Amino acid sequence: MAAWIWVVPALPLAGVLINGLFGRRLGKGAVSVVGPGAVGAAFAVSLALFLDLVGRPTAARQLTQTLYSWLAAGDFEASVGFLVDPLSATLMLVVTGVGFLIHVYSVGYMHDEDRRGFARYFTYLNLFTFAMLLLVMADNFLLLFVGWEGVGLCSYLLIGFWFKDRDNATAGKKAFIVNRIGDFGFLLGIFLIFGTFGSVTFADVLPAAATVLAPGGDLAFWICLFLFVGAVGKSAQIPLYVWLPDAMAGPTPVSALIHAATMVTAGVYMVARSHALYDMAPEVLAIVAGIGAATALYAATIGLVQTDIKKVLAYSTISQLGYMFLAVGVAAYAAGIFHLVTHAFFKALLFLGAGSVIHALHGEQDLRRMGGLKSIMPVTYWTMLGATLAIAGIPPLAGFFSKDEILWRVWDAGHPVLWAIGFATAGLTALYMFRLFFLAFHGEFRGTPEQRQHAHESPPSMIVPLVVLGVLSVVGGWIGIPPAIGNLVGHLPNAFEGWLAPVFEGGHGAAVHGAEVHAVPPAEYALMAASVAVAALGILAARHLWLARPDLPQRIAARFQAPYALLANKYWIDELYDAAVVRPYNALSRFAWRVVDDGLIDGLLVGGTGALVQWQSRVASRWESGNVATYLTVFFGGAIAILVYYLFG
Amino acid sequence: MSEIGVGHYITLSAILFTIGAVGVLTRKNAIIVFMSIEIMLNAANLAFVTFATAIGDLGGMVMVLIVIAVAAAEAAVGLAIIVAMFRHRETVNVEAFNTMRG
């Protein structure tokens, strides 16, 4: 099977070429077969690879394929090579599986685009899938970085897909620039890795980490910190999260695929992939956990008051990504990846459901002008309900298992403060998600009569992905049932952790969090009950505030004006960055432009040289008076001077 | 009254040359400038024949014949140029012909 690995990224790449070169001539029908088809075929091959891995003994679950040596300079060598192990196989299935569903959904959602836009959209979407597969399948840091930049580029292209609106183009630019800041850190990390290990290949670096790096040493600290800076940018954590809410300017399926399910989780994947390095740097792990927890709570509070349905989901995504980093920060890598997978299911579904609502209301995104859509769009309603319950952490849905796993690992690792933050966030998550849900689907419709009249359930191409993701959001968590519950129903092992154990063993995380069924401490049940209770409390509060007493939220907002303004304005972080970074940077750029470039280089160096030559010419040309007498005077003067020189010199 | 010697001839030659040079430098009329050049040429010729006679070498005489031939050709070309300039500008004032100045 290993010989087939290259096919997985090659299929979306073929889709890019076909849609990009011939898409306009082929027409929308052919494009909507090629685009999703390429990703669907990639999913099929990924599934075959996955099954091949499953069929092997645990220790042999690793397939590699090196296509060719890409760069070779002195000691440095990087190849285009792929690594398929349990971790990347999991991510490949998520990327191609969820990606395929979103491609199918896009066929319906982008139906109103003209042929040109339609082909362009699917070209970008296929290119994204290709880059994302490169990212998760790479067998070295450099190829991972290529995919990393590739998904960033596609993100930029798709956020600004409707680039005729200036705001969309600006949002794309913001995403790209903020990501570049993170990428710079990532690149420094790769340089340090090469400088330390003499290689960038996972197979050389990761097993050697424990011997080359001193635990807690400076080198391990800086390598991991720089890598984490990259992850912070890509995965929208504090302080580089600001691009993700603006990224909602793109088409909604793009938000689902790139800005919820796959690309933004690349940072979590990267940290998990290089866990052998992170195990050597406990301080950085503490930073990762701290930033993750802070981001989770911070973004959840902002999500509480946003009125744009997609903005709520964007802040929710940032918050959930915070959970993932919290997990990997306490070395519970498998739990982080588990949440990544379940989050991909239910957050993609939430975005697609939101897209279905927006589609039905002809572009309306304001929650205040929705309501009562339950009867109009029953399928969207029920799937959204499943996803909302899942993200709120209600058992037995997907989000419950992954979130609870994280909270338990955090507690178990001895971080009660971080646990408390995660716990509070769980309650807030239920609150703001059900706020969105009640505002959109329950109560009276608050939009215009025309919107009400034209509101309709979405076409089958959009409904089917919703249903599939809905099923996954419900049952997706059952792949990782913890022993605490598995023991109750007959010694079920935690299949997901067992599956990932070969990747994460070696680190101290695996020793503690192995898949073997161990005795379950009572505290785990208590925490589990507590997090379910807080989620239920959040839901009830949301029901009370936005369903039973719709006037109450406004009165609360009026009563607590200052905190409300703080949240509604997103803590003024955008304004702060604008004042502290963007404006000084623009001023510096203007200085470099006006003073350095225009003044110094153009004015003094280029212009000055010209002016000097002109001045010299003007002086020299005075001699050319055109007056014969003058010429002759000089001539005689010269002759006499020579004569005098020879006579008396 | 002593014999007229080389010194007298050379002095006359120098005076003629100076008159010619001053004429070239100070006069505005192109024809007079031209005539002044002829005076300078002939001053040189006088110096040539003087020394040729004094040292008994015919080389100087030959040189004078060459100078006269060249001066004749020069007179033809020079006067033609002055005529052409006059047709163009209706003046032979050399200060009027300064269009090539920088």
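Quick note: structure is the one above.
Quick notes on the rules
Residues numbered from 1 in each chain as written. Chains lettered and ligands numbered in written order. Predicted model: local features only at pLDDT ≥ 70, side-chain atom pairs only at ≥ 80, totals over all residues. Helix = DSSP H or I, 4+ residues; strand = E, 2+ residues; numbered from the N terminus. Buried ≥ 20, exposed ≤ 12 C-beta atoms within 10 Å, placed from the backbone. Contact = placed C-beta atoms within 7 Å. Nonpolar A, V, L, I, M, F, W, Y, C, P; charged D, E, K, R; others polar. Expected span 1.5 Å × (residues − 1). Pairing = 2+ DSSP bridges.

> Which residues make up the overall build of chain A, and what values do they have?
A count of helical and extended segments in chain A gives 28 helices and two strands. Principal-axis analysis of the C-alpha atoms places the extent of chain A at approximately 125 × 65 × 55 Å. In chain A, which comprises 649 residues, the proportion classed as buried is 50%. Taking contacts inside chain A between residues at least 6 apart in sequence as the whole, the part at least 24 apart equals 80%.

> Describe the interface of chain A and chain B, with residues and values.
Much of the literature gives interface size as the accessible area that the parts lose upon coming together. At the junction of the two partners, chain A supplies 12 residues and chain B supplies 10 residues. The dominant element in the side of chain A that touches chain B, judged by the number of residues it contributes, is helix H28 (residues 628–648) of chain A, at five residues. When grouped by side-chain class, the residues that make up the side of chain A that touches chain B number five nonpolar, five polar and two charged.

> Explain unusual backbone geometry to me, using residue names and the numbers behind them.
Negative phi values dominate among residues other than glycine, just as trans dominates among peptide bonds. All names here are of chain A. Here the residue pair Ile238 and Pro239 is connected by a cis peptide bond, since its omega of 5° sits within 30 degrees of zero. With respect to the helices and strands, Pro239 occurs in the loop between helix H8 (218–234) and helix H9 (243–246). Of note, the bond from Pro395 into Pro396 is cis; its omega dihedral lies within 30 degrees of zero at 5°. One can find Pro396 in the loop between helix H16 (378–392) and helix H17 (398–412). The phi angle at Ala236 is positive, at roughly 55°, despite the residue not being glycine.

> Can you break down helix H3 (residues 59–89) of chain B residue by residue, with the values?
Residues and elements named next belong to chain B. With 31 residues, H3 should cover 45 Å at 1.5 Å per step; its first-to-last C-alpha distance of 44 Å lies within 8% of that length. For H3, the buried fraction is low: zero of the 31 residues fall into the buried class. Just downstream of H3, Glu90 is the residue with a positive phi angle, here 60°.

> Tell me what's going on with the environment of Leu367 of chain A, and back it up with residues and numbers.
Residue and element names in this part refer to chain A. With respect to the helices and strands, Leu367 occurs in the loop between helix H15 (333–360) and H16. For Leu367, a count of 23 C-beta atoms within 10 Å gives the class buried. Between the alpha carbons of Leu367 and Leu436 there is a distance of 7.1 Å; along the sequence they are 69 residues apart. When near neighbours in sequence (up to four residues on either side) are disregarded, Leu367 contacts Thr307, Ile309, Leu436, Leu439 and Ala440.

> Describe the pairing of strand E1 (residues 63–73) of chain A, with residues and values.
Residues and elements named next belong to chain A. Counting buried positions along E1 yields one of 11 residues, so the element is predominantly exposed. Strand direction decides the pairing type here: E1 and strand E2 (residues 76–84), joined by nine bridges, are antiparallel. Paired with Thr66 across the two strands is Gly81, which belongs to E2. Following E1, the chain reverses through two residues before pairing antiparallel with E2; Gly74 in that reversal takes a positive phi of roughly 65°.

> Could you give me a rundown of the environment of Met35 of chain B, with the residues and numbers involved?
Position of Met35 of chain B relative to the elements: it lies in helix H2 (residues 30–55). Met35 of chain B sits in the partly exposed class, given 15 other C-beta atoms within 10 Å.

> Go over H2 of chain B, please, and point to the residues and values.
Residue and element names in this part refer to chain B. With 26 residues, H2 ought to run about 38 Å at 1.5 Å a step, and its terminal C-alpha atoms sit 38 Å apart, in line with that. Tucked into the core, H2 has its buried residues touching helix H1 (6–26) and H3. Directly after H2, the chain includes Gly56, whose backbone phi takes a positive value near 65°.

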